[in-house]
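# Coordinate analysis (summary)
Here's the letter readout for the chains.
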Amino acid sequence: MSPLDVIKIREDFPVLRERVYGKPLIYLDNAATTQKPRAVIETIDRFYSRENANIHRGVFCLSEKATQCYEGARHKVKVFLGAASDKEIVFVRGATEAINLVAATWGRAFLKAGDEVLITHMEHHSNIVPWQMLRDEKGIRLKVAPVNDSGELIMEEFRKLLTGKVRLVSVVHVSNALGTINPVGEIIRLAHEQGARVLVDGAQAVAHRAVNVRELDADFYVLSGHKLFAPTGIGVLYGKEELLEKMPPYQGGGDMIRSVTFDQTIYNRIPYKFEAGTPHIAGVIGLGAAVDYLREIGLDKIAAYEHELLEYGTKKLMEVPGLRLIGTAEKKAAVLSFVLGEAHAHDIGTILDRSGIAIRAGHHCAMPLMRRFNVPATTRASFAFYNTKEEIDLLAEALREVTEVFK
Amino acid sequence: MNPDLQDLYQQMIMDHNKNPRNFRVMPDATSVAEGFNPLCGDHLHVYIKMKNGRIEDVSFEGDGCAISKASASMMTGILKGKTGGEAKALFEEVRAMLSRDVNSPVDTEKLGKLAVFAGVCEFPSRVKCASLAWHTMVEGLEPTGKQVTTE
Ligand SMILES: Cc1ncc(COP(=O)(O)O)c(C=O)c1O
């Protein structure tokens, strides 16, 4: 495997040439959203400039072409995730909507009072709140598997909580707040032994490592396009065909029906049953372009390079006086969440910003996890394959400046 | 350091952050108000003891960034002895200072020491931090029992 040519890759991302406060932008908020390569931007531009039409309805050339591009992108995503068929790829707004879809359809139809849903302490709010809403509606129980001081799921406790009453395990693949990579393969195997289904929140995983939903044997897998170098407003719900077939539809409207009379409606087949209304066509096509772009570079290469960044960044940040990493799991993605002496995350964020460094300060939509670590907030640098060791050096330098201010 | 930052993190602000004044729970307060900034997690309680229409004592406790803590600390120092009306008038002055255009002047006569927060307007995402304690204090003057947020 030849190493990644990061200089060349950076040229693919126009925004990386931006300057803020006269300094070159150092973008380290990739867990919030990723930047877009020219391949994606140009694909969307071409779509709107030359190909725009609605899909699945027109008989004219442009509409047929748009439909082809749209369905072509679905196939690309299917290959990208290793799904068995295009029918298992449902387009939604993002990871959040995908989880809500599963809760609102599968959850409402198949869970009853007393059934249990098992999540972990490191879930994003989007994998907590939909289950709470379902709990309040249906009387299911929501259980939370604890994490240890390094931010790893405590598998022993997880196994204990995984009783016969658990119908669904809903777990994050890679934690956005800590970077922890969960052993989802093992989790899925254990859950299946107990007869439970598993939803994996892959929002933070798919841009950084190769994922194969069939090898994992995931029942549902969700992701957001905008964290995968594609536009905002588009995401994917992968579901096993047998499950999607049995699930009631999500929203009602055009495209999700086969025929409608005022007495009765016959629903369309999957995945269209879950895609009511005109979808985000350009977003889907952009997502297809992003997936192509990643395949060309190779996710194994990306994962190897990002691991180098993680190791280098961990070492550099640990050298900053008073810095304490939050999240030190053995298996980690390139996310560095930390607290720094007396300095509050928000002050750190402001000071780094003036050095052109974009990082996240806050609770990262994981308030229960922050409470678990007894911090109101952390500062988080999250990397992508276009980041460099030089940027990490500048981050460390700026953090030293923070310690000077807060001496 | 960048001059805007020097302006924001002045000595006096850093001192109040490190050694906040009136940083305590007040068991005999006549009112307590809670303020929360969900975006950054700044969270504080402001305690007020009114006597004969004047603020006899005011304190705060909570967790937050340097700007929010220093702002709360300096606010409590300056409000003692003021009437509710005077406190509100000062709140309006602070609000005007924080939301003004960078180049427009600050009324240092009315604001006194609080003018150290004049640089905050250069940092739009931090205005809420500086104003949280003030919004909370105003709620404390006429409590509705609601949590105050600066969202
Ligand atoms: C782990 C994880 N899950 C879910 C989400 C929600 O993604 P979106 O807001 O794109 O729906 C995020 C976004 O921050 C995330 O990091």
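All of these numbers come straight from a predicted model, not from anything done at the bench.

### So, the overall build of chain A
Secondary structure summary: chain A contains 14 helices and 17 strands in total. Counting only C-alpha atoms and orienting by the principal axes, one finds that chain A spans roughly 75 × 55 × 40 Å. Taking all 407 residues of chain A together, the buried fraction comes to 57%. Partitioning the contacts of chain A with sequence separation of at least 6, the portion at a separation of at least 24 is 71%.

### Remarks on the sheet that holds strand β5 (residues 116–120) of chain A
All names here are of chain A. The strand order across the open sheet built from 7 strands is β4-β10-β9-β8-β7-β5-β6, with neighbouring strands paired in mixed fashion. The open sheet is flanked by β4 (89–92) and β6 (141–145), the only strands paired with a single partner. In this sheet, adjacent strand axes meet at a mean angle of 20 degrees when their direction is disregarded. By the bridge criterion, 5 bridges tie strand β7 (residues 166–172) to strand β8 (residues 197–201) in an arrangement that is parallel. For V169, the partnering residue across the bridge sits in β8 and is V198.

### Topic: the interface of chain B and chain A
Across the contact, 24 residues belong to chain B and 15 residues belong to chain A. Summing both partners gives a buried area of about 1,500 Å² for chain B against chain A, and 58% of it is carried by carbon and sulfur. If you look at where chain B meets chain A, you find 2 salt bridges. Of the charged contacts, one joins R354(A) and D4(B) as a salt bridge, the two residues approaching to 2.8 Å between their closest N and O atoms. Grouping the constituent residues of the side of chain B that touches chain A by class yields 14 nonpolar, 4 polar and 6 charged.

### Re the pattern of salt bridges
Residue and element names in this part refer to chain A. According to the stated counting rule, one finds 40 salt bridges over all chains in the structure shown. The partner of E275 in a salt bridge is R74, and the shortest N-O contact between them spans 2.8 Å. Taken as a pair, E275 in the loop between β12 (265–267) and α10 (281–297) and R74 in helix α3 (residues 61–81) lie far apart in primary sequence, 201 residues in all. The exposure classification of E275 matches that of R74, with both residues buried. Residues joined by salt bridges that share partners form a network here, namely R197, D217, D219, K240 and E242.

### A few points about the site of the ligand
Residues and elements named next belong to chain A. Around the ligand, a shell composed of 13 residues is seen, among which T96, D201, S224, H226 and K227 lie nearest. The separation between an oxygen atom of the ligand and a polar side-chain atom of H124 is 3.2 Å. A distance of 2.5 Å is found between a nitrogen atom of the ligand and a side-chain nitrogen or oxygen belonging to D201. In the complex, the protein chains occlude 85% of the 390 Å² of accessible area that the ligand would expose alone. In the shell around the ligand, the residues fall into 3 nonpolar, 8 polar and 2 charged.

### Focus on the confidence of the model for chain B
Confidence in the prediction of chain B, expressed as mean pLDDT, is 92, and 99% of residues score 70 or more. Across the whole predicted complex the pTM is 0.94, and at the interface the ipTM reaches 0.90.

### Some words on the domain arrangement of chain A
Reports often express the size of an interface as the amount of accessible area lost when the parts come together. All names here are of chain A. Per the domain assignment, the segments making up chain A are domain 1 (6–30 + 298–405) and domain 2 (42–296). The gap between the C-alpha centroids of domain 1 and domain 2 is 28 Å. Each side of the interface is counted separately: domain 1 has 34 residues, and domain 2 has 31 residues. The contact between domain 1 and domain 2 buries some 2,600 Å² in all, and 59% of this surface belongs to carbon and sulfur atoms. Contact with domain 2 buries area across many residues of domain 1, yet L299, L369 and R372 alone supply 23% of it, more than any other trio. The interface formed by domain 1 and domain 2 contains 1 salt bridge. Across the pair D149 and R372 runs a salt bridge whose closest N-O atoms are separated by 2.8 Å. The tally of links from domain 1 across to domain 2 stands at 19 residue pairs in polar contact (both at pLDDT 80 or more). At the level of secondary structure, the elements contributing two or more residues to the side of domain 1 that touches domain 2 comprise α11 (299–318), β14 (335–340) and α13 (367–372). Residue classes in the side of domain 1 that touches domain 2 are distributed as 20 nonpolar, 6 polar and 8 charged.

### A few points about the packing of aromatic side chains
Residue and element names in this part refer to chain A. Under the criterion given, the structure shown has 14 aromatic pairs over all chains. Relative to F229, the ring of F13 lies with its centre 6.1 Å away and its plane at 65 degrees, an arrangement referred to as edge-to-face. With F13 in the loop between α1 (6–11) and β1 (19–20) and F229 in the loop between β9 (220–224) and β10 (235–239), the pair connects residues that are 216 residues apart, well separated along the chain. Under the relative-accessibility criterion, F13 is labelled buried at 0%. Both rings, one in F13 and one in F385, keep their centres 6.0 Å apart while their planes meet at 75 degrees; by these two values the pair is edge-to-face. In this pair, F13 sits in the loop between α1 and β1 while F385 sits in the loop between β17 (378–382) and α14 (389–405), placing the two residues 372 residues apart along the sequence.

### Some remarks on the packing of helix α4 (residues 84–99) of chain B against helix α6 (residues 127–141) of chain B
Residues and elements named next belong to chain B. With their axes 10 Å apart at the nearest point, α4 and α6 run at an angle of 160 degrees to one another. The angle between α4 and α6 falls in the class roughly antiparallel. Note on packing geometry: the crossing formed by α4 with α6 is left-handed. On α6, the residues that touch G84, A87, K88, L90, F91, V94, R95 and L98 of α4 are V127, A130, S131, W134, H135, M137, V138 and L141.

### Observations concerning the pairing of β9(A)
Residues and elements named next belong to chain A. A large share of β9 lies buried, amounting to 5 of its 5 residues. Alternating residues of β9 divide into F220, V222 and S224 and Y221 and L223, and every residue in both groups is buried. One ladder, built from 3 bridges, connects β8 with β9; its direction is parallel. The residue bridging L199 from the neighbouring strand is F220, located in β9. The pairing of β9 with β10 spans 5 bridges and is classified as antiparallel. Within β10, the position partnered with L223 by the bridge is V236.

### Side note on the sheet that holds strand β4 (residues 148–149) of chain B
Residue and element names in this part refer to chain B. Spatial strand order, β3-β2-β1-β4: 4 strands in an open sheet with mixed pairing. At either end of the open sheet lies a strand with only one pairing partner, and these are β3 (54–63) and β4. Along the sheet face, helix α3 (residues 66–79) touches β2 (42–51) and β3 and points at about 165 degrees away from the line of β3.

### Comments concerning α10(A)
Its 17 residues place the ends of α10(A) 25 Å apart at the C-alpha level, agreeing with the 24 Å of an ideal helix rising 1.5 Å per residue. Looking at the residues trailing α10(A), positive phi occurs at G298(A), about 100 degrees.

Conventions adopted
- Residues numbered from 1 in each chain as written.
- Chains lettered and ligands numbered in written order.
- Predicted model: local features only at pLDDT ≥ 70, side-chain atom pairs only at ≥ 80, totals over all residues.
- Heavy atoms only, no water.
- Helix = DSSP H or I, 4+ residues; strand = E, 2+ residues; numbered from the N terminus.
- Buried < 20%, exposed > 50% of the residue type's maximum accessible area, 1.4 Å probe, protein only.
- Contact = heavy atoms within 4.5 Å.
- Pairing = 2+ DSSP bridges.
- Axes fitted to C-alpha atoms, helices over the stretch in contact; angles between N-to-C directions.
- Buried area = accessible area lost by both parts, 1.4 Å probe.
- Salt bridge = Lys/Arg side-chain N within 4 Å of Asp/Glu carboxyl O.
- Nonpolar A, V, L, I, M, F, W, Y, C, P; charged D, E, K, R; others polar.
- Near = heavy atom within 4 Å.
- Polar contact = N/O pair within 3.5 Å; in protein donor to acceptor, adjacent residues only side chain to side chain.
- Areas by Shrake-Rupley, 256 points an atom, 1.4 Å probe, with all protein chains shown as cover.
- pLDDT = per-residue confidence, 0-100.
- Domains from an automatic or database assignment.
- Phe/Tyr/Trp six-rings, centres within 6.5 Å; stacked < 30°, edge-to-face > 60°.
- Parallel < 35°, antiparallel > 145°, perpendicular 65-115°, else oblique.
- Left-handed = near helix turned anticlockwise from the far one by under 90°.
- Expected span 1.5 Å × (residues − 1).

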